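# Close look at the chain arrangement
Read off the chains here:
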Amino acid sequence: MSSVTVDHVPGKAHDHSHDHGHAMPHGWRRWLFATNHKDIGTMYLIFSLTMLFEGGALALLLRTELFEPGLQFFQPELFNQFTTMHGLIMVFGAVMPAFVGFANWMIPLQIGASDMAFARMNNFSFWLLPVAAILLTASFFVPGGATAAGWTLYAPLTMQMGPGMDLAIFAIHIMGASSIMGAINIVVTILNMRAPGMTLMKMPMFCWTWLITAYLLIAVMPVLAAAITMVLTDRHFGTGFFNAAAGGDPVLYQHIFWFFGHPEVYIMILPAFGIVSAIVPAFARKQLFGYASMVYATASIAILSFIVWAHHMFTTGMPVTGQLYFMYATMLISIPTGVKVFNWVATMWRGSMTFETPMLFSVGFIFVFTIGGFTGLILSMAPIDIQVHDTYYVVAHFHYVLVAGSLFALFAGAYYWMPKWTGRMYDERLGKWHFWMSMISFNVTFFPMHFLGLAGMPRRYADYAAQFTDFHAIATVGAFWFGLSQLIFVWVIIKSYSGKGEPAPAKPWEAAEGLEWTVPSPAPFHTFETPPVVK
Amino acid sequence: MTPEQRRKNKIVGIVFLIIVVALFAFTVGRQVINIYFS
């Protein structure tokens, strides 16, 4: 943030402790009919954590099968269902809703708004998610099981699936509608409901990254919806969009999907950048270095994300000129991303740093996400990508970006804002244990996958040649270690929400900036009913 | 929230909704034209 802080807000201008009992519903009605951004934010976060564990359980089933060569527990068909559902659940059920949860909780508090712009639509967009999650999970139990086409749902595989595919399409439609409504809500809230004096260039970076993310969502979710609608009509209504025998083209699906899919990657990482950009200055006790360049870098990444989609398709036989274009365009993304990493490091440079859990996760994020960024750069080169396409190298790359990137930033943000949410300080000792266990086990799980990929181990295979055994065994041990480490996080949350721990002051971090720290902890049910004035 | 702000929110929301519907229609429509009418 361009050094706008709360101390510019006159004490009288913000209304932070008026918890109007008359407007606060109780019991199940409070949650089912919730229109309060904090309640809806909490529901999003609980939902996404639940889905994280469902997706994580599927990942552990995959790793169990892969512990040693041969088929031990699952047939390849079921293994592919687990792979597909793990991807879909983690992307659409865990990571995206988690960031929407953060947006619901923090954006109104950070811009001085009383609530989100469309409170009832906010309720609807949340409650669509459990319905979609139930459909997706229930698809395991229909004849033929869940879809096994991979989270990318490529044609013609999607034509060969049973009714589980239709449930997945329906679920993705519902989750897409939820995302679009959430995105419109966020854009309108940020554009129309900022407190007087809170100009765009004074907004916290988290709001900026979410504003740009919401634009991305609005631009690409309808494209995904269109793609899977065409899959549906191909399956049931005799069209042939992606059916070569009917005059269509399966590769067309890949183009449409990745026009959504690549910006989707940034949808899952830009808000993470925003969280880290809030935390690093707070624990380095310095202003964020290069606020304006951070904003422009975020916008640049978003714009570039629209023109690089076919780097996911180098092996489809595109002309060399096409490969060259997509290769160079992809490499360009490393520039604004590098600007961000540079700015975080420059913020820390000569700062009075302390390493509480949010900072540990943020520094861990910068370190490990950068590794994922570099492997992305390597994969952007067509000649290399053609060699390692669909191998474990790619699996390692995107888990470094999505787990050590998105998930670690989510943990960082959760620890950072938990005192504001619960009114209690979390258990710092457990938080540090959570970080170190996660960090080490994450690398034990995913680092060996680089070697597996370079040696030729294909992804989405239930069985493998004996030469890959050792690295797979290490990865499986790491995966269980990582999974168990997340139980520490659950324990931290339970402790904090059950009122154990020190009562949190309004501003528990001495150098934290932002309007959210001007309201008491826990944040009252109603905040900023009278907008604060930011100078 | 003032009625004026509500009205403003609604207008911006509807604009984005139109964009969403247009993008969906364009993506499907373009493929329909390409495959069946070209």
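Everything quoted here is computed from the prediction, not taken from an experiment.

Rules behind the numbers
- Residues numbered from 1 in each chain as written.
- Chains lettered and ligands numbered in written order.
- Predicted model: local features only at pLDDT ≥ 70, side-chain atom pairs only at ≥ 80, totals over all residues.
- Heavy atoms only, no water.
- Helix = DSSP H or I, 4+ residues; strand = E, 2+ residues; numbered from the N terminus.
- Expected span 1.5 Å × (residues − 1).
- Buried < 20%, exposed > 50% of the residue type's maximum accessible area, 1.4 Å probe, protein only.
- pLDDT = per-residue confidence, 0-100.
- Contact = heavy atoms within 4.5 Å.
- Buried area = accessible area lost by both parts, 1.4 Å probe.
- Salt bridge = Lys/Arg side-chain N within 4 Å of Asp/Glu carboxyl O.
- Polar contact = N/O pair within 3.5 Å; in protein donor to acceptor, adjacent residues only side chain to side chain.
- Nonpolar A, V, L, I, M, F, W, Y, C, P; charged D, E, K, R; others polar.
- 1 Å grid on protein atoms, 1.4 Å probe; cavity = no way out; pocket = protein on both sides within 12 Å on 5 of 7 lines; lining within 4 Å.
- Points joined across faces, edges and corners; volume = space filled by probe spheres on them.

### So, helix α8 (residues 270-284) of chain A
Residue and element names in this part refer to chain A. With 15 residues, α8 extends 21 Å from end C-alpha to end C-alpha; this agrees with the ideal 21 Å at 1.5 Å per step. Where burial is concerned, most of α8 is hidden: 14 out of the 15 residues are buried. R285 sits one or two residues past α8 and shows a positive phi near 55 degrees.

### Overview of the confidence of the model for chain B
The share of residues in chain B with pLDDT of 70 or more is 100%, and the mean pLDDT across the chain is 93. Both scores are given for the predicted complex: the pTM is 0.94, the ipTM 0.95.

### With respect to the interface of chain B and chain A
Listed as interface residues are 19 residues of chain B and, on the opposing side, 25 residues of chain A. Across the interface of chain B and chain A, roughly 1,800 Å² is buried in total on both sides, 77% from carbon and sulfur atoms. Here chain B is connected to chain A by zero salt bridges. In this assembly, chain B and chain A are joined by three residue pairs in polar contact (both at pLDDT 80 or more). Considering only residue class, the side of chain B that touches chain A consists of twelve nonpolar, five polar and two charged.

### Some remarks on empty space enclosed by the protein
All names here are of chain A. Scanning the entire structure with this criterion turns up two cavities of 30 Å³ or more. Computed from the structure, the largest cavity encloses a volume of approximately 110 Å³. As for the largest cavity, its lining consists of 13 residues, of which F92, M96, P97, V100 and S179 are closest to the centre. Counting residues per element, the ones that place at least two in the lining of the largest cavity are α3 (76-111), α5 (163-192) and α6 (205-236). At five residues, the largest contribution of residues to the lining of the largest cavity is made by α3. Looking at the lining of the largest cavity, its residues break down into eleven nonpolar, two polar and no charged.

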